[in-house]
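This is what each chain is made of:
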Amino acid sequence: MFEPTFTQELSKMNAVENIQYLTQKYFGIEFKVTQKQESFSNNCTGALIRNDDFHEFKANFISLLLRLSGYYKTQQARQEIANKLKELAISNKYGWAGYYSELIALDVYAISSAISNIDYINIFKRIDGTLAQRMSQKKIDIDLSFILNNKKYYTDIKAFKSLNTELYDDITQTAMELVKKELKQQTIIAVDNLEPITDEDTSLLGNNKKEIIDCILNAVRKRATTINYTATNNLNIKFKISYGHVLTTITTKNPVDMADVDYKKIYKYANKLLARQPSLLTFIANPWFNKEFINTNSDFFKIYFKKVATNIFANKSQAHISDKSNITFKEFTENLSGLIFIVDNSIKSSKCLYDLYIYFNPNATNADSRVCFSDFETAFKNQRFINLIYIQ
């Protein structure tokens, strides 16, 4: 847990000042923010300055920074970590998720003594034969490279967040604030029976945000307790409204149905795959930016992540991955060596911080991109803070 003097110092700081202090304390690097950014906060940084809650998370976050400070000694790596901490501090709403995810992955890969020569941020200017070149990029930046059993691997790191959860939160929070301001009423508003939808449908729904909020306000004026909204893409959303202090909603969580929607978001990272080296994608899940995973367990994730991986690896369609792309599903599959999913438990747990689910692609066609199953099993099995739940 925290040192007493450290706790006292934290209690006097706002969320941004706290991250500034921690960055200086553990990495010896200062950063400045604008006057507007000084008041920013999010789930992560806000929890760190709470004196009444999140004690496990605060302790785990400080331990994370201590480990990262010990692992990453080069000035370039430390500066990159400081940059991510700054962005984490000045990100509102869900914007912090990606920066936090990079810190978690940096920790996971460094924990294993079998992994060495970790380089944080890799820039490739010669990208002949890559999907990125086909997408008219001039270079590729990949978050991490590392050596495992004399073989070099590359992986980019992403938060496995759902855009629809972010949009729904934005809609309901904005609606509740407007109801309080314009109608002088205190309400609780939430989506009922939340179902997974694609990022494309979420974007279309976002175009109707103002209309949806207006519908909710009209419903409140009539003291309605439910509202059904049908978007232009025929997506039906049900909102529930409470005028008291409690609101009960229904959430159905079918891991197969969810995976059949969520796997599609992975295709947006085609520009992160190399042509002649093992290319992995690492995704981080956390309850604060994955509300759809709250109250799930390893049995759920075993089904869910395996279905996500299977949908990607088995897709050899010659169709394009999107209307705006010239890359086919088959090409994406052939260039992807594997998927690594990390479930971050640091909000609640002090022992098993990370659950790992690793899937290697049997349909990767480049011989140089083959991944050794046993090397990864050895690297992550029986490691402190890590629970290797599934590897295939």
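Residues numbered from 1 in each chain as written. Predicted model: local features only at pLDDT ≥ 70, side-chain atom pairs only at ≥ 80, totals over all residues. Heavy atoms only, no water.

K.L.:
So what exactly am I meant to see when it comes to helix 11 (residues 255-262) here?
P.N.:
The α-helix advances 3.6 residues per turn, and as a result positions three or four apart in sequence lie on the same side. Within helix 11 the residues assigned to the buried category are Pro255, Met258, Ala259, Val261 and Asp262. In an axial view of helix 11, the angular spread of the buried residues amounts to 165 degrees, which keeps them on one side of the axis. The elements touched by buried residues of helix 11 are helix 12 (298-313). Sitting at the amino-terminal end of helix 11 is Asn254, which places a side-chain oxygen 3.0 Å from the backbone nitrogen of Val256. (Buried < 20%, exposed > 50% of the residue type's maximum accessible area, 1.4 Å probe, protein only. Helix = DSSP H or I, 4+ residues; strand = E, 2+ residues; numbered from the N terminus. Arc of directions from axis to C-beta. Contact = heavy atoms within 4.5 Å. Polar contact = N/O pair within 3.5 Å; in protein donor to acceptor, adjacent residues only side chain to side chain.)

K.L.:
Looking at this structure, I do not really get the side chain of Asp143. What am I missing?
P.N.:
As for its placement among the helices and strands, Asp143 is situated in strand 2 (residues 140-148). Here Asp143 is buried and forms no salt bridge, its nearest opposite-charge partner Lys158 lying at an N-O distance of 5.3 Å. Among the polar contacts made by the side chain of Asp143, one reaches the main-chain amide nitrogen of Ile157 at a distance of 2.8 Å. Sequence-distant contacts of Asp143, that is, excluding residues within four places in its chain, are made with Glu102, Asp119, Tyr120, Ile121, Asn122, Thr155, Asp156 and Ile157. (Lys, Arg positive; Asp, Glu negative; His and termini not counted. Salt bridge = Lys/Arg side-chain N within 4 Å of Asp/Glu carboxyl O.)

K.L.:
Sorry, what's going on with the packing of aromatic side chains here?
P.N.:
Pairs of aromatic rings are described using the distance from one ring centre to the other and the angle between the two planes. The final tally for this structure, using the stated rule, is 38 aromatic pairs. Geometrically, the ring pair formed by Phe57 and Phe61 is tilted, given 6.0 Å between the ring centres and 45 degrees between the ring planes. Residue Phe57 and its partner Phe61 are both found in helix 4 (residues 55-71); the two are separated by four residues, about one turn of the helix. By relative accessible area, which is 0% here, Phe57 ends up buried. Given a relative accessible area of 1%, Phe61 falls into the buried group. Ring geometry for Phe146 against Phe376: centres 6.3 Å apart, planes inclined by 75 degrees, an arrangement best described as edge-to-face. Separated by 230 residues along the polypeptide, Phe146 in strand 2 and Phe376 in helix 14 (residues 373-380) bring together distant segments of the chain. Cluster of aromatic residues (ring-pair linked, three or more members): Phe160, Tyr269, Phe283, Phe293, Phe300, Phe301, Tyr304, Phe305, Phe341, Tyr357, Tyr359 and Tyr390. Here the basic side chain of Lys265 rests over the ring of Phe160, its NZ or CZ set 4.5 Å away from the ring centre. (Phe/Tyr/Trp six-rings, centres within 6.5 Å; stacked < 30°, edge-to-face > 60°. Lys NZ or Arg CZ within 6 Å of the ring centre and 35° of its normal.)

K.L.:
I would appreciate a short explanation of the environment of Ile111 in the present structure.
P.N.:
Structurally, Ile111 can be placed in helix 6 (residues 97-111). According to the relative accessible area criterion, Ile111 is buried, its value standing at 13%. Residues Ile111 and Ile386 lie 275 residues apart in sequence; the distance between their C-alpha atoms is 8.5 Å. Each residue touching Ile111, except ones within four places of it in the same chain, is listed here: Tyr71, Tyr354, Gln383, Arg384, Phe385 and Ile386.

K.L.:
What is the right way to read the sheet that holds strand 7 (residues 279-285) from this model?
P.N.:
Sheet strands pair via backbone hydrogen bonds, and the direction of the pair is either parallel or antiparallel. Strand order in the open sheet made by the seven strands is 1-2-3-7-8-9-10, with mixed pairing throughout. Taken across any chain shown, the strands that pair with only one partner, and hence form the sheet edges, are strand 1 (115-124) and strand 10 (386-391). Across the sheet, the mean angle separating the axes of adjacent strands is 25 degrees when strand polarity is ignored. Strand direction decides the pairing type here: strand 1 and strand 2, joined by seven bridges, are antiparallel. Directly across from Asp119, in strand 2, lies its bridge partner Ser145. Helix 12 rests against strand 8 (338-344), strand 9 (354-360) and strand 10 of the sheet, and its axis sits at about 30 degrees to strand 9. Along the sheet, helix 14 makes contact with strand 1, strand 2, strand 3 (151-159), strand 7, strand 8, strand 9 and strand 10, crossing strand 10 at roughly 155 degrees. (Pairing = 2+ DSSP bridges. Axes fitted to C-alpha atoms, helices over the stretch in contact; angles between N-to-C directions.)

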